[in-house]
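Chains, contacts and geometry: an overview
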Amino acid sequence: MWKIILQRVAILVMMLFIVSVAAFCVPLLSDGDPARTILLSRVSDLDLAPEAVEALRRELGLDRPLPVQYLSWLGSALQGDFGYSFASRQPVAAEITRALGVSITLALSALGVALLVALPLGTAAAMRPGGKVDGFTTLLIQTLVATPEYWFAPVSVLVFVLWLGILPSAGWQSWESLILPAMALMLRPMAYFTQVTRAAMREVIAAPYITAARARGLSMNEAVVHHGLRNGSLPVVTFFALWFAGLLGGSVVIEVIFAVPGMGRLLYEAVVNNDVPVLQGGFVALVGLSILINTITDVLYVLFNPAMRGSHGH
Amino acid sequence: MADHDMTRENVSVPLLEVRDLRVSLESGKTLIDGLDLTIGRREVVALVGESGSGKSVTALALSRLLPDALRITSGSICFEGQDIVAKSDSELNRMRGADISMLFQQPQVMLDPTSRVQAQVAEPLRKHRGLGRRQAFARVVDLLRSVGIPDPAVRARAFSYQLSGGMAQRVMIAAAMAAGPKLLIADEPTTALDVTVQAQILRLLKEERERHDLSILLITHDLSIVSAFADRVAVMYAGRILEEGPTREIMRRPAHPYTRALIRCSLLVPESDGKLMSIPGSGSQALAIKEGCRFAPRCTLMREHPGLRIACCSREPGLEPVGQRWKSRCHATAEVLHEGDVA
């Protein structure tokens, strides 16, 4: 058990190193000159004196060889210092922490509600294939998948903000601000979670150990509760983790529409402004978190499925 | 007086009496076609046949655990005089594991991989005997010991991946016997196990039978375990019983050409031509035969006696008495018996 966890953590550290190199190289891909960009944002004078640009480049250490730059960047990054945003002149670490907090809250609310609906619905549909619940579920899944969030978001604003006037339209002030973006975000994950739950439970219900449990006198419902749910939840856990990692930086559309100060919007604006430190820090944070979530999922897998402990040896 | 009558009735009514059982696919194809089977108290009956003959479907039908695609379309399964076919779901839940228990072919996949041995063995005790969690778990250790599992307290907390096939089948036996059933339906319980383990498991089943006055329906394709284990044997082919009777007589001198061929195949001794015996063709097409004997296309006896051909291919023989509690479904029973001992 501990051996597996240590193994996973070692992989995690190695991956993070690779990510840090990649993150450092991101700005090199664009041909914008960071020193120019910074000066532009400060003086908004298109005719920059080349000496001034050169001076700032030296000041920022951008004239040093790349490996040296990387090591100094990595050294600071390891201490949680990703430099200052060119645009806002705030520490990048603080900006990312704030934005990540918002995105995690949003993603977990959306995925949590999606899961709360999907698990019972998918299981109920699987218990009676072709039945009423199953038919309703299929219809719901298709509707949810076919509803684009950039359509749903404005429509929900129209209904709940403009007509009913019960929810705030945008921003991030109270828990009510969370409702509309979370609703828009949960559509597709809810559909996929339901589908995965249904498929997993169909398989589990047909499993030999369910027949054996029923031969001991358990009703179908008891057999599914005692022996089906844990086996059936493995694929759902995987799916949840994938979506969670994806939503952290991937809910750009929703964050922009609802003016939610999350990671998606932070990175979107950093790209627009060529804000290199924010891009680097955000990249490391997002990819690092994805890897961390994957590691946690792997460990959860082992916890859920005792046979995995055996296959990795004691 | 009333008590006396009851006892006498209990003795005269067999434990399980299957009459004209039919099981069909939803599409209409019939898999079990008019099965008759009787199991007395403390009796071990072996149901033998090739794969695809309907043995496993029979096992699931008897405990009403058929998958959704299969239906019992007619017939009755009387257990202690009560028809299982007519029982409601909740009545069936009370019956399974309490009156009728089951064993299956691959014990390891019959155990929930995420649940400990004790939780699964305790289920019949908690469901049918009303024991609490702690009492049931304590009883599980005794049960595991009684089926010959070493370190029962440790094994009780094991998961299925930590058990060998033989150990897993012992666990399944402990769970099956937990609530003291009267009938055990064992569907190929030793087929997936090593030969040495097979013998141990069969010995254990014999012990359980003595200890608990148990009746056993042993479903197998392995004739070598039939003589050592079963009081009576029923031979199944294409959803029907072809021969049924006392094991000793049938294994020595069967009254049906199919039984005779099966036994000769299982002996693995060379025939007069020096080759091993095999039955030409396969039984899987036989379900589609509407007229005549279902075994006729593969029957060597019919080929050797051309005079039989018309009868065998136009009219299906009934299950006719051959001797004491011995029946066979063949137009030429006399000719088969005339061939003498099988080995």
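Fair warning: this is a prediction, and the values are worked out from it, not measured in the lab.

**Things to note about the overall build of chain A**
Each helix and strand in chain A was counted, giving 14 helices and 0 strands. Along chain A, helices (α) and strands (β) appear in the sequence α-α-α-α-α-α-α-α-α-α-α-α-α-α when read from the amino end. Viewed in the frame of its principal axes, chain A has a C-alpha envelope of about 85 × 60 × 30 Å. Counting only residues that meet the buried cut, chain A has 43% of its 314 residues in that class. Expressed as a percentage of contacts within chain A between residues at least 6 apart in sequence, the contacts between residues at least 24 apart total 69%.

**Brief notes about the interface of chain A and chain B**
Put simply, an interface is often sized by how much accessible area is lost when its parts join up. Listed by partner, the interface residues are 23 residues for chain A and 25 residues for chain B. Roughly 2000 Å² is buried in total at the junction of chain A and chain B, and carbon and sulfur atoms are behind 57% of that figure. Considering only the side of chain A, the residues that lose the most area to chain B are A215, R216 and P306 of chain A, jointly responsible for 29% of the buried surface there. Inspection of the chain A/chain B interface yields 2 salt bridges. Notably, a salt bridge pairs E222 of chain A with K127 of chain B, separated by 2.9 Å at the nearest N-O pair.

**Some details on the nonpolar core**
The biggest cluster of nonpolar side chains holds 111 residues, and the ones touching the most others in it are L16, V121, L144, I185 and L217 of chain B. Counting residues domain by domain, this core receives three or more from each of domain 1 (13-230) and domain 2 (254-338) of chain B. V121 of chain B has contacts with V140, L143, L144, V171, A174, A175 and A178 of chain B, leaving out every residue within four places of it along the chain. Counting residues in each nonpolar core, the second largest holds 56 residues, with A99, M190, W243 and V284 of chain A among its members.

**Considering the domain arrangement of chain B**
Residue and element names in this part refer to chain B. Each domain of chain B was delimited in the assignment, giving domain 1 (13-230) and domain 2 (254-338). Distance between the C-alpha centres of domain 1 and domain 2: 31 Å. With 8 residues of domain 1 at the interface, the matching set in domain 2 holds 8 residues. The largest per-residue losses of area from domain 1 upon contact with domain 2 belong to D33, E50 and L223, which jointly make up 53% of the total buried on that side. If you look at where domain 1 meets domain 2, you find 3 salt bridges.

**Focus: the sheet that holds strand β2 (residues 30-39) of chain B**
Strand order in the open sheet formed by 4 strands is β2-β1-β4-β5 (chain B), and the pairing between neighbours is antiparallel. Where the open sheet ends on each side, the last strands, each with one partner, are β2 and β5 (82-83) of chain B.

**Section: the environment of V113 of chain A**
All names here are of chain A. On the secondary structure map, V113 appears in helix α5 (residues 92-127). The partly exposed category is assigned to V113, whose relative accessible area is 38%. Here the alpha-carbon distance between V113 and M190, two residues 77 residues apart in the chain, equals 8.0 Å.

**A short note on the sheet that holds strand β7 (residues 183-187) of chain B**
Residue and element names in this part refer to chain B. The mixed open sheet is built from 8 strands, whose spatial order is β6-β7-β8-β3-β9-β10-β12-β11. In the strand order of this sheet, the two ends are held by β6 (100-103) and β11 (320-323), each with one partner. The sheet shows a mean angle of 25° between the axes of neighbouring strands, taken without regard to direction. Pairing of β7 with strand β8 (residues 215-220) involves 5 bridges; the strand directions are parallel. The residue of β8 that forms the bridge with D187 is I219.

**What about helix α2 (residues 55-62) of chain B?**
At 3.6 residues per turn, the α-helix brings residues three or four places apart onto the same side. Of all 8 residues in α2 of chain B, 6 are buried; the element is thus mostly enclosed. Of the residues flanking the end of α2 of chain B, it is R64 of chain B, one or two places downstream, whose phi is positive at about 55°.

**Overview of the packing of helix α1 (residues 2-29) of chain A against helix α4 (residues 66-78) of chain A**
Residues and elements named next belong to chain A. Where α1 contacts α4, the two axes come as close as 11 Å, and the packing angle between them is 120°. If you check the angle between α1 and α4, you find them oblique. By crossing handedness, the relation of α1 to α4 is classed as right-handed. Across from F17, S20, V21, A23, F24 and L28 in α1, the residues of α4 making contact are L66, Q69, Y70, W73 and L74. By residue class, the composition of the contact of α1 with α4 is 9 nonpolar, 2 polar and no charged.

Here is what the cut-offs are and how they apply
- Residues numbered from 1 in each chain as written.
- Chains lettered and ligands numbered in written order.
- Predicted model: local features only at pLDDT ≥ 70, side-chain atom pairs only at ≥ 80, totals over all residues.
- Heavy atoms only, no water.
- Helix = DSSP H or I, 4+ residues; strand = E, 2+ residues; numbered from the N terminus.
- Buried < 20%, exposed > 50% of the residue type's maximum accessible area, 1.4 Å probe, protein only.
- Contact = heavy atoms within 4.5 Å.
- Buried area = accessible area lost by both parts, 1.4 Å probe.
- Salt bridge = Lys/Arg side-chain N within 4 Å of Asp/Glu carboxyl O.
- Core = buried A, V, L, I, M, F, W, Y, C linked by side-chain atoms within 4.5 Å.
- Domains from an automatic or database assignment.
- Pairing = 2+ DSSP bridges.
- Axes fitted to C-alpha atoms, helices over the stretch in contact; angles between N-to-C directions.
- Parallel < 35°, antiparallel > 145°, perpendicular 65-115°, else oblique.
- Left-handed = near helix turned anticlockwise from the far one by under 90°.
- Nonpolar A, V, L, I, M, F, W, Y, C, P; charged D, E, K, R; others polar.

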